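Working through the structure, step by step
Here is what each chain is made of, one letter per residue.
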Amino acid sequence: MKHLFRSIVFTTCLLGSTLAIAADTSIGVLDWQQLLTKAPQAEEAGKRLEKEFQGPKDKLVDKQKEFQTKRDKLSRDKDVMSVAERGKKEKDLAKMEQDLRRMDEELRSDYTNRHREEMDDFIKIVRDVVDKLAQEEKYDLVIPQEATLYVAERIDITDKVLSRLEKAGKSKKSSDKKSD
């Protein structure tokens, strides 16, 4: 009986202190997907990547078209070619196909690495904004929305962060124009 009484008292004290801490804790929730789709910095990163990789993408597409044209020509003309000529063309096509695979893999790898760099930069910017917002508005904890099951509108700080990112994006654009 004493043991049960101690357990009840201990549980009550623990629950009471947890509730007191929770009542004093200010929590914010952040929707990363919304930031990725609406933040100007994310949009600019996407445009930079597109511009940077457009040339290599176009080159790969041109090589793929050239390969397809040569393969179609070989398919059409193989019956009238000599065995040696057909063997040479098939070997050339195999080498070209291998080169295309290598180009495609390199392009994908380069794009993935650059995308990761851009995302790391974006995350750093968002973290800085969230840190400032959390200090100014006295948040004790900010968590991603993806880690929650339910979020009340009053603790969703995504719009506040997005607003600050938009302001930072506008001020960066105006300072970039001044330096040009």
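Further up the page is the structure itself.
Our subject in this report is the structure included herewith.

What counts, and where the lines are drawn
Residues numbered from 1 in each chain as written. Predicted model: local features only at pLDDT ≥ 70, side-chain atom pairs only at ≥ 80, totals over all residues. Heavy atoms only, no water. Helix = DSSP H or I, 4+ residues; strand = E, 2+ residues; numbered from the N terminus. Buried < 20%, exposed > 50% of the residue type's maximum accessible area, 1.4 Å probe, protein only. Contact = heavy atoms within 4.5 Å. Core = buried A, V, L, I, M, F, W, Y, C linked by side-chain atoms within 4.5 Å. Phe/Tyr/Trp six-rings, centres within 6.5 Å; stacked < 30°, edge-to-face > 60°.

1. Re the environment of Gln145
By secondary structure assignment, the location of Gln145 is in the loop between β2 (141–144) and α5 (158–179). By relative accessible area, Gln145 is classed as partly exposed at 28%. Beyond its immediate sequence surroundings of up to four residues, Gln145 is in contact with Val29, Leu30, Asp31 and Val151.

2. Describing the nonpolar core
With 15 residues, the main nonpolar core has Leu30, Leu35, Val126, Val161 and Leu165 as its most contacted residues. Elements represented by at least two residues in this core include exactly α4 (83–137) and α5. Examining the composition of this core, we find that six residues originate from one element, α4, more than from any other. In this structure Val126 touches Leu30, Trp32, Leu35, Val161 and Leu165, once residues within four positions along its chain are discounted. Core analysis: the second largest hydrophobic core is formed by eleven residues, Leu49, Phe53, Met81 and Met96 among them.

3. What about the packing of aromatic side chains?
Counted according to the given criterion, the structure contains one aromatic pair. For the ring pair Phe53 and Tyr111, a centre distance of 5.3 Å and an interplane angle of 75 degrees mean the geometry is edge-to-face. With a gap of 58 residues between them, Phe53 in helix α3 (residues 40–77) and Tyr111 in helix α4 connect regions that are remote in the sequence. A relative accessible area of 33% means that Tyr111 is categorised as partly exposed.

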